[in-house]
Amino acid sequence: MGLNEKVAVITGAASGIGLAVAEDFAASGAKVVIADIAGDRAAEAAERIRSNGGTAIGLAVDVTDREGVQVLFEQTEAKLGPVDILVNNAGISVDRGVRRITDEEWQRTIAINQTGVFLCSQAAAKSMIGRRTGRIINISSRAWLGWFGQLAYASSKGGVVSATRSLAIELAKYGITVNCLAPGLIDTPLLRREPQEVMDRLLQAQPMGSLGAASDVAWAARFFADPANHAVTGQILYVCGGKSLYAQPASS
Amino acid sequence: MTDTQLRYPRLAVLASPGTATSKAVADRLQSTGWVVKTISEAPAPEEIDALLAGQETIDGLIYEPGLLDGSTAISAGSVVDSMLKLVNQLRPHLRPRADGGARILTISSRDGLGWPNRPHIAAAAGALVAVSRSLALQLGPDGVTVNVVAALPPLGSVLRDAGRPAGTHLREPEPLTPAPVTAEDIASTSEFFLDTRSGYITGQVMYCCGGASLLSSLSV
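Please read all numbers here as calculations on a predicted model, not as lab measurements.

K.L.:
Would you mind going over the packing of helix α3 (residues 76-90) of chain B against helix α4 (residues 119-139) of chain B in detail, with residue names and values included?
P.N.:
All names here are of chain B. At a closest axis distance of 8 Å, the pairing of α3 and α4 adopts a crossing angle of 25°. One finds that α3 runs roughly parallel with respect to α4. For the pair α3 and α4, the crossing hand works out as right-handed. Across from Ala 76, Val 79, Val 80, Met 83, Leu 84 and Val 87 in α3, the residues of α4 making contact are Ala 123, Ala 124, Ala 127, Leu 128, Val 131, Ser 132, Leu 135 and Leu 139. Of the residues assigned to the contact of α3 with α4, the class counts are 13 nonpolar, one polar and no charged.

K.L.:
Go over the nonpolar core, please, and point to the residues and values.
P.N.:
Counting residues in hydrophobic clusters, the biggest one holds 77 residues, and the most contacted among them are Phe 25, Val 32, Ile 34 and Leu 181 of chain A. Examining the composition of this core, we find that nine residues originate from one element, helix α8 (residues 214-225) of chain A, more than from any other. Residues Leu 245 of chain A together with Ile 74, Ile 104 and Leu 128 of chain B belong to the second largest nonpolar core, which totals 34 residues.

K.L.:
Summarise the sheet that holds strand β7 (residues 236-239) of chain A; cite the residues concerned and give the values.
P.N.:
All names here are of chain A. As summarised here, the arrangement of the seven strands in space is β3-β2-β1-β4-β5-β6-β7, forming an open sheet in which the pairing is parallel. Taken across any chain shown, the strands that pair with only one partner, and hence form the sheet edges, are β3 (55-60) and β7. With strand direction ignored, the average angle separating the axes of adjacent strands in the sheet is 20°. Examined bridge by bridge, strand β6 (residues 176-183) and β7 share four bridges and lie parallel to one another. In the sheet register, Ala 182 faces β7, and the bridge partner there is Tyr 238. Each of β2 (31-36) and β3 is contacted by helix α2 (residues 39-51), which is oriented at about 180° to β3, the strand it contacts most.

K.L.:
Pulling in residues and values, what's your account of the packing of helix α3 (residues 66-79) of chain A against helix α4 (residues 103-131) of chain A?
P.N.:
Residues and elements named next belong to chain A. Where α3 contacts α4, the axes come no closer than 10 Å and their chain directions differ by 40°. If you check the angle between α3 and α4, you find them oblique. Judged by the twist between their axes, the crossing of α3 over α4 is right-handed. Where α3 abuts α4, its residues Arg 66, Val 69 and Phe 73 lie against Phe 118, Leu 119, Cys 120, Gln 122, Ala 123 and Ala 124. Here the residues of the contact of α3 with α4 sort into seven nonpolar, one polar and one charged.

K.L.:
Please give an account of the interface of chain A and chain B that cites residues and values.
P.N.:
Taken together, the contact between chain A and chain B spans 42 residues of the former and 43 residues of the latter. Summed over the shared surface of chain A and chain B, the number is zero salt bridges. For the interface between chain A and chain B, the tally reads 18 residue pairs in polar contact (both at pLDDT 80 or more). Taken together, the elements giving at least two residues each to the side of chain A that touches chain B come down to α5 (151-171), α8 and β7 of chain A. Counting residues per element, the side of chain A that touches chain B draws most heavily on α8 of chain A, at six residues. A breakdown of the residues in the side of chain A that touches chain B according to their chemical character gives 25 nonpolar, 13 polar and four charged.

Rules behind the numbers
Residues numbered from 1 in each chain as written. Chains lettered and ligands numbered in written order. Predicted model: local features only at pLDDT ≥ 70, side-chain atom pairs only at ≥ 80, totals over all residues. Heavy atoms only, no water. Axes fitted to C-alpha atoms, helices over the stretch in contact; angles between N-to-C directions. Helix = DSSP H or I, 4+ residues; strand = E, 2+ residues; numbered from the N terminus. Parallel < 35°, antiparallel > 145°, perpendicular 65-115°, else oblique. Left-handed = near helix turned anticlockwise from the far one by under 90°. Contact = heavy atoms within 4.5 Å. Nonpolar A, V, L, I, M, F, W, Y, C, P; charged D, E, K, R; others polar. Core = buried A, V, L, I, M, F, W, Y, C linked by side-chain atoms within 4.5 Å. Buried < 20%, exposed > 50% of the residue type's maximum accessible area, 1.4 Å probe, protein only. Pairing = 2+ DSSP bridges. Salt bridge = Lys/Arg side-chain N within 4 Å of Asp/Glu carboxyl O. Polar contact = N/O pair within 3.5 Å; in protein donor to acceptor, adjacent residues only side chain to side chain.

As structure tokens, this is what we get:
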């Protein structure tokens, strides 16, 4: 499953799942753009990939800013070529229930998680349509099904699911596939900061009883990114160890 | 997935009536280093015994009952019974969790979303999704994943030429993407689920249909 010479833009790629996707794609031969609001960290991550023999550049972008997104794609094309693969990964999570979430938190979550997908997908699609090929991969979350204290996050990620299906339908005739990954419990430094009793409870609610790794998500992203996989589009694939099948609602 | 990390020759058991789809899956897996042993979709005990003679561990089990290739003797009850029997027989031989676990894959049909002139296939396809999700929950603690590829009948299938269902205004579903769905596309999707790196993906249904299933409410 090679991505040889394909140009891949991955947003929110300076750390976590986005970085794992960038590293995986680069190892598969793609030329990757690590796009992140933290431009210095994006540059550092790109440097690490280059030191391992990959092709990567780091670019700063605020995915909620239309002009900034436009510049991202222009710089990508100028430095590496037109984008073949877009991974919409940038996102934030606000753990706040309906009684406490503020207007600002709601708007910011929707802006980054949902509007960012719209702006980046629009820019990528305009480039891909003319070439009659492309892959867009959106990172949603298992939480879009609904979860305690995640009203804004779940709503925004539900929007990503719906956007995936609409984009898939609209862009299919151009040979562009649009798919979505919905990770569950993924082992990240942020998650590891949870108290042990919380971790135990989370794992008990998990059919496979284990955490996933960012590389699990990256692997699934690579499947969707593969130019050969033209017959799979509009799919929502949960990388969640079965948690999407049934999760014990042990916390509230 | 030609860069699959092969620590040892991986063994896949493919249970199928011998369709074009199953041949494509076997060819694909063999081309990437798998050893593939085929058995019938409802094997007799002797067939299982022969399969296991001298075998150590099974990495992948693919159940492909022929829903995509126009098999006529399909019923929801028969495919569920066959799959459960097969899984129960082979379960002790599946690679254990400590060694990476095993993969079970069902190849089903997007007809499970409902199709007017194939209600038996639709029921069987839907039942296979339900049984696979249940098995995913049952076998998850053992590191065994269970997933479904629900495909459009591929190019060459007699179902592609089935024509307009009598008494309806509907046409046979077509991909939204430019190219037809082939047995090789189904094989590629199957290989993804069978890979060791797909170990955190279980209970999923992947439609390999070029988007033909997207406007069904059940497809999300």
